[in-house]
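Observations on the three-dimensional arrangement
So the chains spell out like this:
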Amino acid sequence: MTEPRIGDVYGEVLRDALAVATGIGPRPLVGGRLPRPVIEIIERDDGLINGAPAAHYLDPPADWQPYDHRAVDRVRGATLDVGVGAGRIALLLQDRGVPVTGLDTSPGALAVARRRGVRDLVHATVDDHVADGRRYDTFLLLGNNLGLFEGRERAPALLAALAALARPGAQIIAHGTDPYGTTDPVHTGYHERNRRRGRLGGQLRLRLRYRELATHWFDYLVCSPEEFAALVHGSPWRLTDLDTRDAPYYLATLHLTP
């Protein structure tokens with residue numbers, strides 16, 4: 001079996017999703033004529049494969065979940081939207097007059113965000129962006145991007161990098177999902193396998209696929225609020241609020257320790 005080519009999966013997904021939504025630009029077709037939905041394939045290291053429609057990355061605020069609205073209502077000051085994607089959060093903040101910078105490692109995602117009107121974009125990791133000398137009051141990790149903490153090994157470095165980018169009194173607002181309400185043995189068995197290997201139960205090992213492309217394998221963290229609180233303990237940040245009104249989804253708010 002031929003392995004897929006490594007490439008900018010996320011950027012290609014967003015480009016095609018935008019083309020299907022707008023009718024502008026090349027888009028995947030069925031039978032050479034009808035546009036087909038853009039599906040992002042998520043492959044887990046135990047062989048599980050799921051598909052997720054990509055159209056939601058372009059959703060206007062009217063189609064957002066309640067926790068997204070509560071998150072953006074907490075924003076104050078200069079804001080870094082970590083994992084800006086197609087720019088749905090950044091565009092709303094711009095409309096509100098918030099100085100917002102979109103950060104992403106996907107060149108294709110940044111191109112889509114720029115086409116949609118996001119003005120200030122940076123192609124970098126959080127760690128790399130520290131050297132740019134810019135500082136922020138709010139960091140957003142929405143769209144389940146608490147997953148970027150990856151696990152016990154990565155979390156301290158990411159928290160330190162965000163602290164290095166922070167102004168006094170800065171806050172992080174991160175959206176996560178508690179994975180442990182399921183009784184599906186496909187998932188509960190994966191959680192147990194992870195724990196036997198010394199990993200957090202919901203520490204996913206994934207790669208994304210789209211058409212002929214794949215990403216490298218990477219860790220993505222899905223954890224309980226209690227597990228996240230343990231990851232934050234001892235860092236420059238203090239967990240000040242857990243909003244679980246839409247459980248199993250939650251918003252974690254952290255403040256920089258004075």
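For the structure itself, look to the data block above.
**Examining the packing of helix α1 (residues 9-22) against helix α4 (residues 107-115)**
- Where α1 contacts α4, the axes come no closer than 7 Å and their chain directions differ by 30°. Classified by the angle between their axes, α1 and α4 sit roughly parallel to one another. Judged by residue contacts, Y10, G11, L14, R15 and L18 of α1 engage G108, A109, V112 and R115 from α4.
- Counted by class, the contact of α1 with α4 contains five nonpolar, two polar and two charged residues.

**So, the pattern of salt bridges**
- Tallied over the entire structure, the rule returns 22 salt bridges.
- Across the salt bridge formed by E192 and R195, the nearest N and O atoms sit 2.7 Å from each other. With E192 and R195 both in helix α7 (residues 185-196) and three residues apart, the pair spans about one turn of that helix.
- A relative accessible area of 38% places R195 in the partly exposed class.
- Its salt-bridge partner being D243, residue R245 comes within 3.1 Å of it at the nearest N-O pair.
- Judged by relative accessible area, D243 falls into the buried class, the value being 4%.

**Section: unusual backbone geometry**
- In this chain, A247 is followed by P248 through a cis amide linkage whose omega measures 15°.
- Its place among the elements puts P248 in the loop between β14 (237-243) and β15 (249-256).
- A positive phi is found at N144, a non-glycine position, where the angle reads about 65°.
- Along the chain, N144 falls in the loop between β9 (136-141) and α6 (155-164).
- The phi angle at R211 is positive, at roughly 55°, despite the residue not being glycine.
- Here R211 lies in the loop between β11 (203-210) and β12 (213-214).

**Digging into the environment of Y210**
- Secondary-structure assignment places Y210 in strand β11.
- Y210 sits 13 residues away from R197 along the chain, and the two C-alpha atoms are 29 Å apart.

What counts and how
- Residues numbered from 1 in each chain as written.
- Predicted model: local features only at pLDDT ≥ 70, side-chain atom pairs only at ≥ 80, totals over all residues.
- Heavy atoms only, no water.
- Axes fitted to C-alpha atoms, helices over the stretch in contact; angles between N-to-C directions.
- Helix = DSSP H or I, 4+ residues; strand = E, 2+ residues; numbered from the N terminus.
- Parallel < 35°, antiparallel > 145°, perpendicular 65-115°, else oblique.
- Contact = heavy atoms within 4.5 Å.
- Nonpolar A, V, L, I, M, F, W, Y, C, P; charged D, E, K, R; others polar.
- Salt bridge = Lys/Arg side-chain N within 4 Å of Asp/Glu carboxyl O.
- Buried < 20%, exposed > 50% of the residue type's maximum accessible area, 1.4 Å probe, protein only.

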